[in-house]
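What follows is each chain in one-letter form.
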Amino acid sequence: MTKQLYERPIIRKLETGMPGKFGMRTEYPPTTQIDGIPVKKITEKYGSPVFILSEDTIRTTFKRAQRAFSTRYPKVQFAWSYKTNYLDAVCRIYHQEGSWAEVVSGFEYDKALHNGVDGKRIIFNGPGKSEEDLKKAIDNDSLIHIDHLDELYLLIGIAGNSSRKPRVAIRVNMDTGIYPQWDRFGFNYENGQAWDAINKIVGSGKLELTGLHTHIGTFILTPNAYAVAATKLADLAAEISNKFNFRIKYIDLGGGFASRNTLKGSYLPGPDVNPTFDDYAEAISSALLNSRLDSSDLPLLILETGRALIDDAGYLAGSVIANKRLSNGKKSLILDLGVNLLFTSFWYDHKITPAQPFSLYREDTVLYGPLCMNIDVVRDNISFPQLNTGDGVVVHSVGAYNMTQWMQFITLRPKIILIDVKGNMHVIRDNETLNTVIGSENLPEHLKTN
Amino acid sequence: MSLIKIQTNIAISDSGFLFNPATGESFSVNPIGLEIIRLMREGKNETEICAAVNETYDADPAIVERDLHDFIHMLRQHQLLDNNGGQNN
Ligand SMILES: Cc1ncc(COP(=O)(O)O)c(C=O)c1O
């Protein structure tokens, strides 16, 4: 007689018909493949954990965003936010799709040049540009977004000795109804700082005021906040045109569109409630078209969208190290991926699915990472089926910020794989080894002998 | 060997639903969980239950023992075990 397939015994308390604390929808099918490639095959070949990026999803998402805006406003330009994911392969996909580069440090600036971006198409944001950074940006005729008055004076000083008139914009912060207001960057709209900076720029005669920039925050769930921001920048542009008789060339509304992730504490899943590109595009375009701007000569609309473009294209595949019952009876799983790789688990309740078929029975589970640290919690409560040691899991929508904010902490960072549009796999960043870490260390002579 | 006793007033259906009239709570168990509860009702001890499961299912005996331990823990957590039962395992 052949024996039956074994499954661990489970008992689950029934919560009579009420949606759970985390909403109704916790049932997902397993993620056995990504872009047609079995997850098991990927982890067997490249190890576990491993980051996986889908070139197809990157390109189709970009095209969707581009279409949402270009069908509503005549001149639209995306600039890829390097900090969101600055792997060369990723940046080059966006540049091939027509994106400029948006950078916030000398390092990111050099990376954009290294990726072949024309200096004229690099937007240089951020509060921390050095004198050397600014000189390089001026030489390359990049778009310099001024963050504070000290930077403005520094620029005027450098420009005095330069043959080229730097093209600049100011970053404006403002009340759009979004809390918290990001007022630490740029010049305030409401209290007149922005006008003060504009007067100084124009008055200096040394800088060319090309654009107006704002970045109102991140993961903004109300498209109307962008309508408010667009209207305020359009008002500024119209006033500049009245007062100084020249036209602002572009309005840059920064990033901040929500991806499909679910924010921690959100009752409903992100894909059900987060605005779409069309929602944002509608709010922004109608605000600009109905503003005081001259409709016969509208400025270019620049968008520095980061997470909403790449989040869904990224996956993190890993496996179960152990099952563990906590002292209060709650079930937990220890995974081989933790907050060292998944920085965004501090913000999101990531969608996490088993990588192989599973049975119906589920239990509220805590998902821990492998670090010997209390903060290493990947999901603090997820209704999850029974998995055993070695079973695979897939974390979804991890394309933004994780591959730049990850930490070399306790363990080494894994490989990153790109699946191209033909279904071929490429290692676009190799895993770290002991040598990656000790290679840049130096041992003083007196410590070399034991 | 320790005996695990499910409280006698717990109603158990063939489809794997448990009802505790004392608290009004309902539970569901998977087929193997149901089988184990039946074996407990028949007065089988842990060793006997493990042996019975290994007889019917294709599984590593060590894993069966571990899972049974976990299952008993959960039954106790949900206060489905007789207070005197299973305390000395
Ligand atoms: C100036 C600027 N632009 C763009 C972005 C990208 O934002 P997001 O990923 O929210 O779209 C950021 C992110 O912090 C930013 O600071």
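Residues numbered from 1 in each chain as written. Chains lettered and ligands numbered in written order. Predicted model: local features only at pLDDT ≥ 70, side-chain atom pairs only at ≥ 80, totals over all residues. Heavy atoms only, no water.

Draft legend 1. Geometry of the site of the ligand. Residues and elements named next belong to chain A. Of all residues adjacent to the ligand, which total 15 residues, the nearest are T218, G256, E304, G306 and Y401. Residue T218 places a side-chain N or O atom 2.5 Å away from an oxygen atom belonging to the ligand. Within the contact set of the ligand, a nitrogen atom lies 2.6 Å away from a side-chain nitrogen or oxygen of E304. Burial of the ligand by the surrounding chains reaches 93%, relative to a free accessible area of 390 Å². Assessed atom by atom at 2 Å from the grid points, the ligand resides in the second largest pocket. Within the shell around the ligand, the residues separate by chemical class into 1 nonpolar, 9 polar and 5 charged. (Near = heavy atom within 4 Å. Polar contact = N/O pair within 3.5 Å; in protein donor to acceptor, adjacent residues only side chain to side chain. Areas by Shrake-Rupley, 256 points an atom, 1.4 Å probe, with all protein chains shown as cover. 1 Å grid on protein atoms, 1.4 Å probe; cavity = no way out; pocket = protein on both sides within 12 Å on 5 of 7 lines; lining within 4 Å. Sits in = over half its atoms within 2 Å of the grid points. Nonpolar A, V, L, I, M, F, W, Y, C, P; charged D, E, K, R; others polar.)

Draft legend 2. Broad picture of the nonpolar core. Grouped together as the largest cluster of nonpolar side chains are 103 residues, with contacts concentrated most on A:F69 and A:I170. Three or more residues apiece are contributed to this core by two domains, here domain 1 (33-52 + 312-433) and domain 2 (56-310) of chain A. Among all residues touching A:I170, those that are not within four sequence positions of it are A:I146, A:F187, A:A194, A:A197, A:I198, A:I201, A:L209, A:G211, A:L212 and A:H213. By size, the runner-up hydrophobic cluster in this structure holds 26 residues, among which are B:V29, B:I36, B:F71 and B:L81. (Core = buried A, V, L, I, M, F, W, Y, C linked by side-chain atoms within 4.5 Å. Buried < 20%, exposed > 50% of the residue type's maximum accessible area, 1.4 Å probe, protein only. Domains from an automatic or database assignment. Contact = heavy atoms within 4.5 Å.)

Draft legend 3. Molecular detail of the domain arrangement of chain A. All names here are of chain A. For chain A, the assigned domains read domain 1 (33-52 + 312-433) and domain 2 (56-310). Computed over C-alpha atoms, the centres of domain 1 and domain 2 are 33 Å apart. Counting from both sides, the interface comprises 24 residues of domain 1 and, opposite them, 22 residues of domain 2. A buried area of about 2100 Å², summed over both sides, lies between domain 1 and domain 2, and 54% of it is on carbon and sulfur atoms. Considering only the side of domain 1, the residues that lose the most area to domain 2 are D312, Y348 and Y401, jointly responsible for 30% of the buried surface there. Viewed at the interface, domain 2 and domain 1 are joined by 2 salt bridges. For D312, the salt bridge goes to R260, with nearest N and O atoms at 3.4 Å. Where domain 1 meets domain 2, there are 12 residue pairs in polar contact (both at pLDDT 80 or more). Here the side of domain 1 that touches domain 2 gets 3 residues from one element, more than from any other, and that element is strand 21 (residues 416-419). Split into classes, the residues belonging to the side of domain 1 that touches domain 2 amount to 12 nonpolar, 7 polar and 5 charged. (Buried area = accessible area lost by both parts, 1.4 Å probe. Salt bridge = Lys/Arg side-chain N within 4 Å of Asp/Glu carboxyl O. Helix = DSSP H or I, 4+ residues; strand = E, 2+ residues; numbered from the N terminus.)

Draft legend 4. The arrangement of the sheet that holds strand 3 (residues 25-29) of chain B in detail. Spatially, 2(A)-3(B)-2(B)-1(B) is the arrangement adopted by the 4 strands of the open sheet, whose pairing is antiparallel. In the strand order of this sheet, the two ends are held by strand 2 (11-13) of chain A together with strand 1 (11-12) of chain B, each with one partner. Pairing analysis gives 3 bridges linking strand 2 of chain A to strand 3 of chain B, with the strands arranged antiparallel. Its bridge partner lying in strand 3 of chain B, A:K13 is registered against B:F27. Of the strands in this sheet, strand 1, strand 2 (17-20) and strand 3 of chain B are in contact with helix 1 (residues 31-41) of chain B, which crosses strand 3 of chain B at around 110°. (Pairing = 2+ DSSP bridges. Axes fitted to C-alpha atoms, helices over the stretch in contact; angles between N-to-C directions.)

Draft legend 5. Just the layout of surface pockets, in detail. Residue and element names in this part refer to chain A. The space that makes up the second largest pocket amounts to roughly 570 Å³. In terms of lining residues, the second largest pocket is bounded by 26 residues, among which K83, W182, H215, T218 and Y401 are the most central. Two domains share the lining of the second largest pocket, each providing at least three of its residues, namely domain 1 (33-52 + 312-433) and domain 2 (56-310). (Points joined across faces, edges and corners; volume = space filled by probe spheres on them.)

Draft legend 6. Seen up close, the environment of A:L303. All names here are of chain A. Of note, L303 is situated in strand 14 (residues 300-303). For the pair L303 and G423, spaced 120 residues apart in sequence, the C-alpha separation works out to 30 Å. Excluding residues within four positions of it along the chain, L303 makes contact with F69, V76, Q77, F78, A79, L253, G254, F257 and I284.

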